[in-house]
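# Geometric and topological summary
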Amino acid sequence: MSQRLEPSPGVLYLVGTPIGNLGDFSPRARTLLKKVSVIACEDTRHSGLLLKKLDINTKLVSFHKNNQKSRIPTLIKYLEREESLALISDAGLPGISDPGESLVNATLSIGHEVICIPGPCAATTALITSGLPCQRFCFEGFLPSTGKDRKLRLQEIVNETRTTVIYESPHRLLKLLEELSKLCDINRPLKVSRELTKLHEQQIGPNIKSVHEYFLKNKPLGEFTLVLGGAKKRSLIQDEKNLLSEMNSLLEEGLTNSAAAREVAQKTGLSRRKLYELIHKGNSKMQNILNTSE
Ligand code: SAM
C-alpha cells in the first residue's frame, strides 16, 4: 500500500510517545519527529532528554497548560508558513489529560489538517489489561483535587454503570481509595495498573477493598491508572424509594422538607428541586420524578 509523504507542509502531527518503555517508540514516530520543522512539547527539558536518546535534534518549543493560550498563535504561524509541526506530551498520546485539544481546534479552525501518529496511552493500556468489560467504557482522567467539583465527579463515577478509567497521582491515591471505599460497595471490581510498560509493572486488584488494604500496607510509588468496574444497574423506582426513605429519616429528626432535600442533594449531586418534589409527591404516590427533565 503506498503511503503519503511525511511530514506534509502545513500539517499538525499528534505523535504518541512511550509511557515508560522506550521500545514502544514507533519507527514512524521517530522518523517524523526527525523531519518536522518544530516539535511542541509540555516540558522541553523532559522531552529534550528523551529525544536526545533517540538521536532526534529537532527544535523544541514549550506548550503546556500555563502558556497554551499565548503560544497557540506562534505555533499556528508555522503551519501558515507551510512548515510542519508535531505535538508530543510528556508521555503517551497528546490531548489525553494534557494540552492538545486547544491546538487541534486552532489548527482545524484555519483549515489545516491534523494527523495522529498513534502510540501508547495509559488509559487504554490499563483498561484492556484489567479483565473488566471494555467494549464500552468511560474515561475520567484526573478528578478535581478537592471541593464540590470533586464530590460531584465522584458521585457520577459511583453511579456509572460502565467501566471507568481514572488517572491519579501517587500522593493522592490513598485518598481516592478511601473515598471509593466509603461511597461504593467495597466488593466492586477495581484494578490498579502501576508503572505500565516499565520494569516494576504491576496489576493490583480485584476489588476496592483488596486494593485499599494493599496500599495501606504498601506506599504508593510510581504512576497509577485505576480501572473501576461499573455500578450494578438499579431501577429508578428503587432509587427513588431509597432517597425518599433517607429524606423521611431526616424529617423524623426534625429537618424541614427543604433542609432534607438540600442535605440529600449535597450528598448525591441530584437536583434539590426534584428531591423536594419527591418528598411532596412521593410519600403519597411513587413517581419517576428524577427521570423527568428539569
Ligand atoms: N497523555 C498520557 C496518556 O496518553 O496516557 C497521560 C498523561 S497524564 C498527564 C499522566 C497520568 O497518566 C499519570 O499520572 C498516570 O495516572 C497515567 N500514567 C502515565 N503513564 C503511566 C504508566 N506507565 N503506568 C500507569 N499509569 C500511567
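Residues numbered from 1 in each chain as written. Predicted model: local features only at pLDDT ≥ 70, side-chain atom pairs only at ≥ 80, totals over all residues. Heavy atoms only, no water.

### Structural notes on helix α5 (residues 122-130)
Buried residues of α5: Ala122, Ala123, Ala126, Leu127 and Ser130, and no others. Looking straight down α5, one finds its buried side chains confined to an arc of 125°; they lie on one side. Close packing links the buried residues of α5 with β6 (137-142), β7 (163-168), β8 (190-194) and β10 (224-228). Gly131 sits one or two positions beyond α5 and adopts a positive phi of about 80°. (Buried < 20%, exposed > 50% of the residue type's maximum accessible area, 1.4 Å probe, protein only. Helix = DSSP H or I, 4+ residues; strand = E, 2+ residues; numbered from the N terminus. Arc of directions from axis to C-beta. Contact = heavy atoms within 4.5 Å.)

### Section: the packing of helix α7 (residues 173-183) against helix α8 (residues 208-217)
Two elements in contact, α7 and α8, have axes separated by 10 Å at closest approach and are oriented at 145°. For the crossing formed where α7 meets α8, the hand is left-handed. Two secondary-structure elements touch here, α7 through Leu173, Leu174, Leu177, Glu178, Leu180 and Ser181 and α8 through Ile208, Val211, His212, Phe215 and Leu216. In the contact of α7 with α8, the residues fall into eight nonpolar, two polar and one charged. (Axes fitted to C-alpha atoms, helices over the stretch in contact; angles between N-to-C directions. Left-handed = near helix turned anticlockwise from the far one by under 90°. Nonpolar A, V, L, I, M, F, W, Y, C, P; charged D, E, K, R; others polar.)

### Thoughts on the state of the cysteines
A complete count under the given rule lists zero disulfides for this structure. Note on Cys134: no disulfide assigned, nearest cysteine sulfur contributed by Cys138 at a separation of 13 Å. The class of Cys134 is partly exposed, set by a relative accessible area of 28%. Cysteine Cys184 shares no disulfide, and the gap to the nearest cysteine sulfur, in Cys138, comes to 14 Å. (Disulfide = S-S within 2.5 Å.)

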